[in-house]
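Each chain is listed here by its residues.
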Amino acid sequence: MPENDETFLDRPVDRRTLIRRGLAFVGMSSAMPPAFLRAAFDDRSAPALALDPSQKLETPRRQVLVVLQIAGGNDGLNTVIPYSDGAYYDARPGLAIAPEETLPLDDRLALHPALEGVQSLYERGDAAIVLGVGYPNPNRSHFASMDVWHTASTDGWSETGWLGRLLDATRYEQESLWRAANVGASAPRPLTSAEPFVPSLSSVPAYVLQTDPRHPADGERRVTNFLRLHAAQAASLAVQAEYGGQLALVSETGLQAYESTVALDAATSGYEARVDYPDTPVARALRTAAELVTSEAGTGIVYVTTGGFDTHSNQAGQHGELLRVVGDAVRAFHDDIAAHGMAREVTTLAWTEFGRRVRENGSDGTDHGTAGPLFLFGRSVRGGLHGEQPAVGDLDGNGDLKYSVDFRSVYASVIAQLFDTDPADVLGGPYEELPLFEAV
Amino acid sequence: MALETERARIQHLLRRAGWGTSRGELDEYFALGLEGTVDRLLDPAAVDDSASDAAIAALIEDDPRERRGALIGTWYLRLLTTRRPLLERMTYFWHDHFATAIHKVSNPAVMQIQNETLRRLALGDFRALLQAITRDPAMMAWLDNRTNVKDAPNENYARELLELHTLGEGVLYTETDIKQAARALTGWVIAGTRRTGGDPEARFVPRRHDGGEKTFLGVTGALDDTDVVGILAERPETAAFIGRKLWRFFAVPEPPAALIERTSEAYFSSDRSIAAMVRTILLSEEMYSDEAYRWRVKSPVELVIGAERALELSAPLRREPQFTQTMGQLLFDPPNPAGWPEGAAWINSNTLLARANYVNEVTRARGRSVFDALALVRCHGATGSAAEVVDFLLDLLVGGDVDAGTREVLIEHLGGEHHFDLEEAAASGALAGTVYLVLTMPLAQLA
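Residues numbered from 1 in each chain as written. Chains lettered and ligands numbered in written order. Predicted model: local features only at pLDDT ≥ 70, side-chain atom pairs only at ≥ 80, totals over all residues.

Here we look at the overall build of chain A
A tally of helices and strands in chain A yields 14 helices and twelve strands. Within the span of chain A, comprising 440 residues, buried residues form 55% of the whole. (Helix = DSSP H or I, 4+ residues; strand = E, 2+ residues; numbered from the N terminus. Buried ≥ 20, exposed ≤ 12 C-beta atoms within 10 Å, placed from the backbone.)

Structure follows, in structure tokens:
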């Protein structure tokens, strides 16, 4: 190494200069920089620009979508209950909820008694419930059906997810590393896009690269060299295809992970929840979502997952508890968002991969079924019931409910009405839109 | 051709069939040669593992059948200390395949029993394994077969048995086959321990069983669980499904039909022996092809166990389960019946930061460090120059074969060749820092 590089290693250097030098060191300047490096390190598209508050003023119609995946197949019939339908009580001698226990929405339908959180949002006009949501030729495998919802494709496998394609199609905060985020330790399929990087985090405070406190000087050099090694291993053009493309993926993600810690640190400060969130994993995840969307990070889409809804046995108590946890968390989240003055800007979409079999099984549970209700929460939604409740007396050959609204109609409505984008660009074709939002 | 020498091939084999290997272990395997190493790995009974038993006995106070922490800690400690790496590797493979999670099962005793069953049958007859799992109390609780009764069957186990354990999603079967299989699987409950004093076990209750005629995958009769298991274990689709998964686990990302044919042949010519399939893969040319090289993303458990075994820690951190959990994986607690999402799904900004922060935790200085970088390089005689130290670490931790730029950054981190002073590098944190950098670099996430 030339002498001057030693001095550059010995004193703190602007991180962008450092990465540029790191890249020069591995010969990047003569190679074509991959798109991710341009995006992450080019000054013209530097993530810091997204933090300029004046930019927010240019996007007054900013809308945030929080997608809450309820994994395992939530029992739609015991969530939005047809409490005036005798056929429901006949099919579910053990699991049906008595009319007087339910929380009525109108003279036909009622919420599960554990859904007080949802009821209070509904009564304020901040909950839209879409009934009978499903798709043709339903797949009753959790994983195959999730794939259908994740990719918005019923007839084949798609590389990208619907939210990833939405990101690709929208210009909104294009330059922010935090324009979309996942809360959790996975990289959910719906966010897979042509632009590969979507950060995942467990919490804002934990999102840091740690170094050894006993050796602060070496710690600083470690960060420098950590980035140089990632750049070195990402840089070789051969590497892009080598090792099944995995080396490129890991090095790109590693570089952007670090960049996104810096960007997040700059964009977040002093968030305080303005309500008491329940002490549950999904409420903690939504609290993190609130911290992101109220920050200067420019986040437009947040993904949160909760599970445990595969209630094949002993459903009664279990399902109520699961619903209570989700309903209370969602209410706390929207109360917090409202207290931060963003009520009109944040919508939550809560979905599950399928509903459950109409007839209960011999284990006091229910097996995999088909259509079910989907929920949208927020001040911008057109509160009330949408779509048609499927009839318990009119089932398919497998004993399952027939859907009345294709889930892609919901996606199309969100894409068009919330993000002002042509749904066909994201969904590959037109779907009937429902009036799910007040004019924003 | 990346894997030209036998030495490189053995290191590659151990990255796939082992759990990270100390320098001393590597030398033992090098002496056996490639075929000798495969023979050794596939004959775990011939290897004394009592030191691992003793380490577990010394460090885990509670009974793994009574305490969740002891249950989980015992297996992590087994992985850190075993001398039967392939046996544990296959136990781990089946744990993911027949993924059962304590978050629903809750009773550590039945999770420990399942773990012992998986280990006992990991390399045996697949049919015997499938039968044992069908009557395994943890699985019966996890997928509800213990409450599957005639007249109103519970489809949970039947569906996942076909979709995830044998045929693959949508292969060969219909929704009707699922319903018919569910009927055949009725009648089993878990017999409690209090009365018998023994382990919880499956018990057949005739009045709960549907003894009527069923037609499952074209076979008609008064079928029961043994019939369903037998029909599935003899299907070529099952051999292909398991074979494909094993090829991916050990060797290549997209095994072509000809390779899957080869493991199916091994399966049907050996009374469904899993060991025969694994041997076919480990001794194949494709196992050592360019396509097989470094495409697998290490799972969190592979990363953590691999690092700690290679670094010869004086004692385990004892927080390995928490660390792998922040990276997205906790043994005994897979997220759902499909097991952990693999490969690229392990990689996102959250998990990569968690991986780096774990390595920082292992290598950082503290009052009583469990890792001594200076002792490690001295013990293996890699002290003469910065390049010698770096090459030793690269060989140990990623099997060498890195680009010149990477090697140069590491040498520089150690102080460079001209001013190399090993003791000073150790005192300043630069030596531990070099280990940190090797273990956090992108190549170290691949196997």
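Thoughts on the overall build of chain B
Looking only at helices and strands, one finds 24 helices and four strands in chain B. Its C-alpha atoms give chain B a radius of gyration of 24 Å, within 12% of the compact-globule value 22 Å for 447 residues. Summarising its shape, the C-alpha atoms of chain B cover approximately 85 × 50 × 40 Å along the three principal directions. The burial tally for chain B puts 52% of its 447 residues in the buried class. (Rg over C-alpha atoms; globule rule 2.2 N^0.38 Å.)

Some thoughts on the interface of chain A and chain B
Listed by partner, the interface residues are 53 residues for chain A and 56 residues for chain B. Taken together, the elements giving at least two residues each to the side of chain A that touches chain B come down to helix H7 (142-151), strand S7 (200-201), helix H9 (216-235) and helix H10 (246-267) of chain A. Taken together, the residues of the side of chain A that touches chain B break down into 19 nonpolar, 26 polar and eight charged. (Contact = placed C-beta atoms within 7 Å. Nonpolar A, V, L, I, M, F, W, Y, C, P; charged D, E, K, R; others polar.)

Considerations on the domain arrangement of chain A
Residue and element names in this part refer to chain A. According to the domain assignment, chain A consists of domain 1 (8-45 + 207-261) and domain 2 (63-204 + 270-427). Each side of the interface is counted separately: domain 1 has eight residues, and domain 2 has eight residues. Take the side of domain 1 that touches domain 2: its biggest share by element is five residues, from H10. For the side of domain 1 that touches domain 2, the residue count by class is two nonpolar, four polar and two charged. (Domains from an automatic or database assignment.)

A few points about the nonpolar core
One broad trend across soluble globular proteins is that nonpolar side chains are buried collectively. Of all hydrophobic cores here, the largest spans 249 residues; its most connected members are Ala289, Val302 and Val304 of chain A together with Ala181 and Val438 of chain B. At ten residues, the largest contribution of residues to this core is made by H10 of chain A. Formed jointly, this core draws a minimum of three residues from each of two domains, domain 1 (8-45 + 207-261) and domain 2 (63-204 + 270-427) of chain A. Residues within four places of Val438 of chain B in sequence aside, it is in contact with Leu393, Leu394, Leu397, Val398, Leu410 and Ala444 of chain B. (Core = buried A, V, L, I, M, F, W, Y, C linked by C-beta atoms within 7 Å.)

Here's the deal with helix H1 (residues 6-17) of chain B
All names here are of chain B. Along its twelve residues, H1 runs 16 Å from first to last C-alpha, staying within 8% of the 16 Å computed at 1.5 Å per residue. Within H1 the residues assigned to the buried category are Ile10, Gln11, His12, Leu13, Leu14, Arg15 and Ala17. Buried residues along H1 sit against helix H2 (23-42), helix H5 (85-97), helix H14 (236-250) and helix H16 (274-282). (Expected span 1.5 Å × (residues − 1).)

Structural notes on the sheet that holds strand S2 (residues 80-82) of chain A
Residue and element names in this part refer to chain A. Strand order in the open sheet made by the three strands is S2-S4-S3, with antiparallel pairing throughout. With partners counted over all chains shown, the strands left at the sheet margins are S2 and strand S3 (103-104), one partner each. Note that S2 and strand S4 (residues 109-111) share three bridges and pair antiparallel. If you follow Ile81 over to S4, its bridge partner there is Ala110. (Pairing = 2+ DSSP bridges.)

As for the pairing of strand S8 (residues 301-306) of chain A
Residues and elements named next belong to chain A. In terms of residue burial, S8 counts as a mostly covered element, since five of its six residues are buried. By the bridge criterion, six bridges tie strand S1 (residues 64-70) to S8 in an arrangement that is parallel. In the strand pairing of S8, Val67 is matched with Tyr303. As paired elements, strand S6 (residues 180-183) and S8 share four bridges and run parallel to each other. Directly across from Ala181, in S8, lies its bridge partner Val302.

Notes on the packing of helix H4 (residues 68-81) of chain B against helix H7 (residues 108-121) of chain B
Residues and elements named next belong to chain B. With their axes 9 Å apart at the nearest point, H4 and H7 run at an angle of 20° to one another. Considered as vectors, H4 and H7 are oriented roughly parallel to each other. The chirality of how H4 crosses H7 is left-handed. Within the contact between the two elements, H4 uses Arg68, Leu71 and Trp75 and H7 uses Pro108, Met111, Gln112 and Asn115. (Axes fitted to C-alpha atoms, helices over the stretch in contact; angles between N-to-C directions. Parallel < 35°, antiparallel > 145°, perpendicular 65-115°, else oblique. Left-handed = near helix turned anticlockwise from the far one by under 90°.)

Focus on the confidence of the model for chain A
Residues at a pLDDT of 70 or more form 83% of chain A, whose mean pLDDT is 86. Within the model, pLDDT remains below 50 along residues 1-60 of chain A, and this stretch shows 63 contacts once partners closer than five positions in the same chain are excluded. (pLDDT = per-residue confidence, 0-100.)

Concerning helix H12 (residues 315-339) of chain A
Given a rise of 1.5 Å per residue, 25 residues ought to cover 36 Å, and the 36 Å separating the end C-alpha atoms of H12 of chain A matches this to within 8%. At the exit of H12 of chain A stands Gly341 of chain A, carrying a positive phi of roughly 75°.

Some words on the environment of Ala416 of chain A
On the secondary structure map, Ala416 of chain A appears in helix H13 (residues 407-417). Excluding residues that lie within four positions of it along the chain, Ala416 of chain A makes contacts with Thr421, Pro423 and Glu433 of chain A.

As for unusual backbone geometry
In this model, Asp420 of chain A sits at a positive phi of 55°, which is unusual for a non-glycine residue. Among the secondary structure elements, Asp420 of chain A is positioned in the loop between H13 and helix H14 (423-427). Its identity as a non-glycine residue notwithstanding, Asp144 of chain B has a phi of 70°, on the positive side. With respect to the helices and strands, Asp144 of chain B occurs in the loop between helix H9 (137-142) and helix H10 (156-166). Given 23 C-beta atoms within 10 Å, Asp144 of chain B falls into the buried group.

Some points on the pairing of S1 of chain A
All names here are of chain A. Summarising burial for S1: seven of the seven residues are buried, a large majority. Taking every second residue as pointing to the same face, both faces of S1 are buried, with Val64, Val66, Leu68 and Ile70 on one and Leu65, Val67 and Gln69 on the other. With six bridges connecting them, S1 and strand S9 (residues 346-351) associate as parallel partners. What sits directly across from Val66, in S9, is Thr348.

Considering the environment of Ala258 of chain B
By the element assignment, Ala258 of chain B lies in helix H15 (residues 257-268). Sequence separation of Ala258 of chain B and Thr81 of chain B is 177 residues, and the distance between their C-alpha atoms is 37 Å.

What to know about the confidence of the model for chain B
Here chain B shows a mean pLDDT of 96. Residues at 70 or above account for 99%. At the level of chain-chain contacts, confidence expressed as ipTM amounts to 0.94, with global pTM at 0.91.

Comments concerning the environment of Ala290 of chain A
In this structure, Ala290 of chain A sits in helix H11 (residues 281-293). Excluding its chain neighbours within four sequence positions, the residues that come into contact with Ala290 of chain A are Ala273, Phe333, Asp336 and Ile337 of chain A.

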